[in-house]
Amino acid sequence: MASTNGYRNPTEVNMSQMVMPCHANHRGELGVGQLLKWIDTTACLSAEKHAGCPCVTASVDDIYFEQTISVGQVVNLKAKVNRAFNSSMEVGIQVCYEDLFSGKQWKVCQAYATFVAQGDGTGKVKLEPFTPLTEEEHTEHSIAAERRRMRLLHTDIIKDLLVRSSIQDERDREESVAEEVPAQNTRVESVELVLPPHANHQGNTFGGQIMAWMENVATIAASRLCHDHPTLKTIEMFHFRGPSQVGDRLLLKAIVNNAFKNSMEVGVCVEAYRQEGEVSRRHINSAFMTFVVYDDKNQPCTLPRIRPEPEDGERRYREASARKKIRLDRKYVISCKQCEVPLSVHWDPSNRVYLSYNNVSSLKILVSKSNWMLATEANKVQLFTLEEDNILSIRLEKTLGIDPRQAFLLLSDLSRRHEWDPHYIKCELLQQVDEDDMIYHVITPPSSTDKKLTDFIILASRRTPCDVGDPYVVAFRSVTLPTHPATDEYTRGEILCAGFCIWKDKDEKTKISYYNQLTPGYVSYVTTNIVGLSSELYTTFQNCEKFLEKNKDDISVGLQNL
């Protein structure tokens, strides 16, 4: 969120808080509940800056806590709107802590919260779009659409994993069951009366306060399993299903769903009711929190196993295993730096949404870079280069007279790429993952240093525009498919990040850009074209143009891809 040339995002909000003893837990560290309050407050103020009206918290994405904060240190929070949709917007929050004596700062966590604007009436507020200006804002603005897509699919991902996967019960792998703890022993129920200090400036219960109460009961449940003071490491998405007001009673329930070797998952839910004895209760929120216990050497302790309650308890137990797997997948695919990710990521059907997300997001990050340099131009085809972190990327671009959706459908069908790209000798569809993701086996000519043909296993992910001004996206990257390992017949190649972005341009024109983040085996070929020793890149792109022009009125393309 750093400023560029004095520019400051108009929605940016900064908050600094000194950690006092009243904010701390028994270890003299900032309680996570208090931190969640500060995160929610900062994010809400940023959302209201953009909306110009009151906003309420709809959800908070997963949060991974990297550091603890001690009494006497300063917490610095920065929040800004990444993207506005119809009546909701995504706000990004960065949290770090500052040591006053050294002046150094350390990252604590990063969070993404969704807020909904609320006007004076009962109808939804139509938000003005947020216009990104800096490279960072363009990147976050673009990827926000992918994060929104994942939020909407989250519940289905869990259900699908439980159907597809056989989750082994860790209790069956051990002979001794002496340390097994009945889950009901960890159950916690607590009632909170919502008073005026707990409400925000709109009269609704402050979202951060609800999250703090949830963290409190979850910590108690976790401590009943380990008989120690647990440390909260991860919070899985908070999703607010409805508001509560001053005078409401909030019933908070928590229970340990599953205990793994060094961690445990606690499920928490919140229900609201108005009067004692009221039968009908409103579901306000649910969340899942992961705790660990550290010994004197700051090493994770081995935890007792849990014996789930029958029926619902067994279901929660299995779902906790599914969530653990997805947390690990998501943390690896999304959180780590692109350069630290293996070129070919292992394809796992249960992880397909996050691999698809990473595929599209990697391309969008490359597209949003601001330091592209025009290298050469021939026949109205422009070739740009980008040198960054010892990686060379290229962009080929031209404006055509073709409908952008038709171009999108034609270019996303790799089975037809051989019609215009001589490097595609053969392309076989291996797996139709879903409507927008496909896995192909591609065979290309041998490289200059090898006599064998080269083959690739490619994940192709496509996206239609999320909003006006967004491009159609077709992203490619290599994956490792267990059913199609590398063979002696071919030299296995890899694609790090490549694909097309297709924009509707002015005067009914369409701008088509092709991107490729080059792997070592492809660099020599591209640089030969860049310095003018070959025109093969231009020729291939012109072939692509002819292919699109030839098929621009082919109705069957649109019909078969609807």
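Residues numbered from 1 in each chain as written. Predicted model: local features only at pLDDT ≥ 70, side-chain atom pairs only at ≥ 80, totals over all residues. Heavy atoms only, no water.

## Observations concerning the overall build of the protein chain
Counted only if it meets this: Strands are runs of DSSP state E lasting at least 2 residues, helices are runs of H or I lasting at least 4, and numbering of each runs from the N terminus. In this description, contact between two residues means that some pair of their heavy atoms is separated by no more than 4.5 Å. Residue burial considers only the protein chains on display, and all accessible areas are found by Shrake-Rupley using a 1.4 Å probe.
Within the protein chain, the regular secondary structure consists of 9 helices and 24 strands. Within the protein chain, contacts between residues at least 6 apart in sequence are counted, and of these 69% link residues at least 24 apart. With the model as given, the accessible surface of the protein chain reaches about 26,600 Å², and the carbon-plus-sulfur share is 50%.

## Side note on the pairing of strand β15 (residues 373–378)
What counts, and what does not: Pairing between strands is defined by DSSP: at least two bridges between them are needed.
Pairing geometry for β15 and strand β16 (residues 381–388), over 5 bridges, is antiparallel. What sits directly across from Leu374, in β16, is Phe384. Taking the residues between adjacent antiparallel strands as the criterion, β15 and β16 are bridged by 2 residues, where Asn379 takes a positive phi near 55 degrees.

## Some details on the nonpolar core
What counts is decided by this rule: By convention a nonpolar core is built from buried Ala, Val, Leu, Ile, Met, Phe, Trp, Tyr and Cys residues, the set being connected through side-chain atoms within 4.5 Å. Partly exposed describes any residue whose relative accessible area lies between the buried limit of under 20% and the exposed limit of over 50%, with all areas from a 1.4 Å probe on protein chains only and scaled to the type maximum.
Counting 73 residues, the largest nonpolar core has Met89, Phe238 and Met264 as its most contacted members. The greatest single-element share of this core, amounting to 10 residues, is contributed by helix α3 (residues 207–226). Residues in contact with Phe238, not counting those within four places in the same chain, are Leu36, Ala58, Ser59, Val60, Met211, Met214, Asn285, Ser286, Ala287 and Met289. Membership of the second largest hydrophobic core comes to 40 residues, among which are Ile458, Val474, Tyr514 and Leu548.

## As for the confidence of the model for the protein chain
Rules: Think of pLDDT as the predictor's per-residue confidence, scored from 0 to 100.
Averaged over every residue, the pLDDT of the protein chain is 86; the share at 70 or more is 89%. Counting interchain partners and residues more than four positions distant, the pLDDT-below-50 stretch residues 167–177 has 20 contacts. Between residues 332–342, whose pLDDT stays under 50, and residues either more than four places distant or in other chains, the model counts 20 contacts.

## Focus: the state of the cysteines
Using the following cut-off: Disulfides are defined in this document as cysteine sulfur pairs within 2.5 Å.
Within this structure, the stated rule accounts for 0 disulfides. Cysteine Cys53 shares no disulfide, and the gap to the nearest cysteine sulfur, in Cys55, comes to 5.0 Å. The exposure class assigned to Cys53 is buried, which follows from its relative accessible area of 16%. Here Cys96 stays free of any disulfide, with the sulfur of Cys109 as its closest cysteine sulfur at 9.9 Å. Accessibility expressed as a relative area gives 18% for Cys96, which makes it buried.

## Some details on the side chain of Thr231
Rules: In protein, a polar contact means a hydrogen-donor-capable atom and an acceptor-capable atom, both N or O and within 3.5 Å, with residues adjacent in sequence counting only if both atoms are side-chain atoms; elsewhere, any N or O pair within 3.5 Å suffices.
By the element assignment, Thr231 lies in strand β9 (residues 231–240). Relative accessible area serves as the criterion here: at 12%, Thr231 is assigned to the buried category. Within the structure, Thr231 has its side chain in polar contact with the side chain of Arg27 (distance 3.2 Å). Setting aside residues up to four positions removed in sequence, Thr231 forms contacts with Arg27, Thr290, Phe291, Val292 and Tyr294.

## As for a negative patch on the surface
So the rule is basically this: Patch membership needs two things, relative accessible area over 30% and no salt bridge, and members are linked within 9 Å if like-charged or within 5 Å if nonpolar (Val, Leu, Ile, Met, Phe, Trp, Tyr). Salt bridges are identified by distance alone: a Lys or Arg side-chain nitrogen within 4 Å of an Asp or Glu carboxyl oxygen. When charges are counted, Lys and Arg contribute as positive and Asp and Glu as negative, whereas His and the chain ends are disregarded. Lys charges are placed at NZ, Arg charges at CZ, Asp charges at CG and Glu charges at CD.
Taken together, the side chains of Asp403, Asp505, Asp507 and Glu508 define an acidic patch exposed on the protein surface. With respect to the element layout, Asp505 can be found in the loop between β23 (497–504) and β24 (510–517). Accessibility expressed as a relative area gives 31% for Asp505, which makes it partly exposed.

## Regarding the packing of helix α6 (residues 404–411) against helix α8 (residues 536–550)
Helices that pack against each other are described as a pair by the angle of their axes relative to one another and the distance between those axes. The cut-off we apply is this: Angles run from 0 to 180 degrees between N-to-C directions of axes, and those axes are lines fitted to C-alpha atoms, restricted for helices to the stretch in contact. Here a crossing is taken to be left-handed if its near helix is turned anticlockwise relative to the far helix by less than a right angle, and right-handed if that turn runs clockwise. Three residue categories are used. Nonpolar comprises Ala, Val, Leu, Ile, Met, Phe, Trp, Tyr, Cys and Pro, charged comprises Asp, Glu, Lys and Arg, and polar comprises the others, including Gly.
Across the interface, α6 lies against α8 with an axial gap of 10 Å and an inter-helix angle of 115 degrees. As for how α6 packs across α8, the hand of that crossing is right-handed. Note on element contacts: α8 touches α6 through Cys544, Phe547 and Leu548, opposite Ala407, Leu410 and Leu411. Its residues assigned to classes, the contact of α6 with α8 shows 6 nonpolar, no polar and no charged.

## What to know about the environment of Arg318
Topologically, Arg318 is positioned in helix α4 (residues 312–335). Given the relative accessible area of 35%, Arg318 is considered partly exposed. For the pair Arg318 and Pro308, spaced 10 residues apart in the sequence, the C-alpha separation amounts to 9.7 Å.

## Description of unusual backbone geometry
Positive phi, normally seen in glycine, also occurs at Glu311, with a value near 60 degrees. Here Glu311 shows up in the loop between β13 (306–307) and α4. Backbone geometry at Asn379 places phi at a positive 55 degrees, although glycine is not the residue there. Following the sequence through the fold, Asn379 ends up in the loop between β15 and β16.

## Comments concerning the packing of aromatic side chains
The following threshold applies: A pair of Phe, Tyr and Trp rings is counted when the ring centres sit within 6.5 Å of each other, with Trp represented by its six-membered ring. The angle between the planes then sorts it: under 30 degrees is stacked, over 60 is edge-to-face, the rest tilted.
One pass over the full model with this rule turns up 6 aromatic pairs. With centroids separated by 4.9 Å and ring planes inclined at 35 degrees, the aromatic side chains of Phe408 and Tyr472 adopt a geometry described as tilted. Of this pair, Phe408 sits in helix α6 while Tyr472 is found in strand β21 (residues 472–480), placing the two residues 64 residues apart along the sequence. As far as the burial class goes, Phe408 and Tyr472 line up, both buried. For the pair Trp420 and Phe500, a centre-to-centre distance of 6.3 Å together with 70 degrees between the ring planes defines the contact as edge-to-face. Residue Trp420 is found in the loop between α6 and β18 (426–432), and its partner Phe500 is found in strand β23; the two are separated by 80 residues along the sequence.

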